[in-house]
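# Examination of the molecular architecture
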Amino acid sequence: MQIGVVGLGRMGGSIARRLMKAGHQCVVFDADAKPREALAKDGATTAESLAKLVAALKDKPRAVWVMLPAGAVTDATVERLGDLLAPHDIIIDGGNTFYKDDIRRAKTLAAKQIRYLDCGTSGGVWGLERGYCMMVGGPRDAVDHLDPIFAALAPGLGEIPRTPGRGKADPRAERGYIHAGPSGAGHFVKMVHNGIEYGLMQAYAEGFDILRHKDSKDLPEDERFSLNLADIAEVWRRGSVVSSWLLDLGAAALARDPQLKDFTGFVRDSGEGRWTVEAAIEEAVPTDVLTTALYARFRSREDHTFGEKLLSAMRFGFGGHVEGHEPIDAAPSLASLRSRPPRATGP
């Protein structure tokens, strides 16, 4: 099958290469000539503009996969493709677009009888090798037409044990892709997927921080442990209930450098975490973990906030607490508890 690919960055280029390895023909475009030239060496047909890309697509209906950053650049590209394509052609947005933008675009393109698919795509820089997990929203006939494309990009059954009880359920889910629902549903599912990812990563980060500080001088000497975090991460990968690909990545990082000296701890959020929390507010669904994980990323980008300075000032004001000259609050000893006056009761 022939398909156009627009945006040849870390994921877009790998998507084109994985499709070509599976025997599909890719016509590719990027504003930067270098990734176009690199894809040409791998067998892709290159185009110097969106108009030339569309002209080079001979299979009907034509299909164009857009892999660009969410926002204005994707909006402009989809709008331009909508002017260039014909009725029944298909545009796939494989980036991380906000799902409400997908709903809007799908309605606009439907007036021209152009079909629009929103494809939440997970796999990152490893997708070329491992395959991509995809959650697709949009009209069923367009999803079914592009099934060979999704099947080529997906990881397939692999070595993951099959889930008992699925019976006659849609087999595509086992192979790594689903038709999630109407326009917007694909990116909505991917949005929540990324919100969950924030929570999982934050849980690992906090757990390893606790392990790392078990040798703190503020702890009783006989309760201090100097723990090998790389070994702990590695053993948790094998048979533990907390094993995961994210843990695999963390274990690899700790094996290379147990002190993580190349990292500052400055953590960006790409948008999906915020949108997940916004969706939770709209639905009145409590999301304590996901919200806290998002706020932790905000916090990582600051040294000390004005609010923390005010907090410290208030503690100094009521208790004379001087910054940096206090031990970490420790659990009270039995002796100290016995020496305390009894708590008052009654009115």
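To start, this report covers the structure provided alongside it. (Residues numbered from 1 in each chain as written. Predicted model: local features only at pLDDT ≥ 70, side-chain atom pairs only at ≥ 80, totals over all residues. Heavy atoms only, no water.)

Looking only at helices and strands, the chain features 16 helices and 8 strands. Since a compact globule built from 347 residues should have a radius of gyration of about 20 Å, the 26 Å found for the chain marks it as more spread out than a globular shape. Dimensions of the chain, computed from the C-alpha atoms along their principal axes, are close to 85 × 45 × 45 Å. For the chain, the residues scored as buried account for 37% of the 347 residues in total. The contacts in the chain between residues at least 6 apart in sequence include a share of 63% that link residues at least 24 apart. Summing over all exposed atoms, the chain offers an accessible surface of approximately 20,700 Å²; the carbon and sulfur share of this is 57%. (Helix = DSSP H or I, 4+ residues; strand = E, 2+ residues; numbered from the N terminus. Rg over C-alpha atoms; globule rule 2.2 N^0.38 Å. Buried < 20%, exposed > 50% of the residue type's maximum accessible area, 1.4 Å probe, protein only. Contact = heavy atoms within 4.5 Å. Areas by Shrake-Rupley, 256 points an atom, 1.4 Å probe, with all protein chains shown as cover.)

With that out of the way, let us pick up a nonpolar patch on the surface. Side chains of Phe-306, Leu-310, Leu-311, Met-314 and Phe-318 sit close together on the surface and give an oily, nonpolar patch of about 600 Å² of accessible area. For Phe-306, the position within the fold is in helix α15 (residues 306–319). Judged by its relative accessible area of 68%, Phe-306 falls in the exposed class. (Patch = residues over 30% accessible without salt bridge, like charges linked within 9 Å, V, L, I, M, F, W, Y side chains within 5 Å. Salt bridge = Lys/Arg side-chain N within 4 Å of Asp/Glu carboxyl O.)

Before going further, it helps to examine the environment of Ala-31. Note that Ala-31 resides in the loop between β2 (25–29) and α2 (33–41). Spatially, the C-alpha atoms of Ala-31 and Ala-296 are 35 Å apart, while their sequence positions differ by 265 residues.

Considering all chains together, one arrives at 0 disulfides under this definition. With no disulfide of its own, Cys-119 lies 9.1 Å from the sulfur of Cys-133, the closest cysteine sulfur. Exposure remark for Cys-119: the relative accessible area of 0% places this residue in the buried category. (Disulfide = S-S within 2.5 Å.)

Once that is clear, we can look at the pairing of strand β4 (residues 63–66). Going residue by residue along β4, you find Ala-63 and Trp-65 tucked away on one face and Val-64 and Val-66 tucked away on the opposite face as well. Relative to β4, strand β1 (residues 2–6) runs parallel, the two sharing 3 bridges. Directly across from Gly-4, in β4, lies its bridge partner Val-64. Where β4 lies against strand β5 (residues 90–93), 4 bridges are found, and the strand directions are parallel. Counted as the bridge partner of Val-66 is Asp-93 from β5. Between the parallel pair β4 and β5, the chain is carried across by helix α4 (residues 72–84), and the sense of this crossover is right-handed. (Pairing = 2+ DSSP bridges. Right-handed = clockwise from strand over helix to strand, strands pointing away.)

That is the geometry; function is a separate question.
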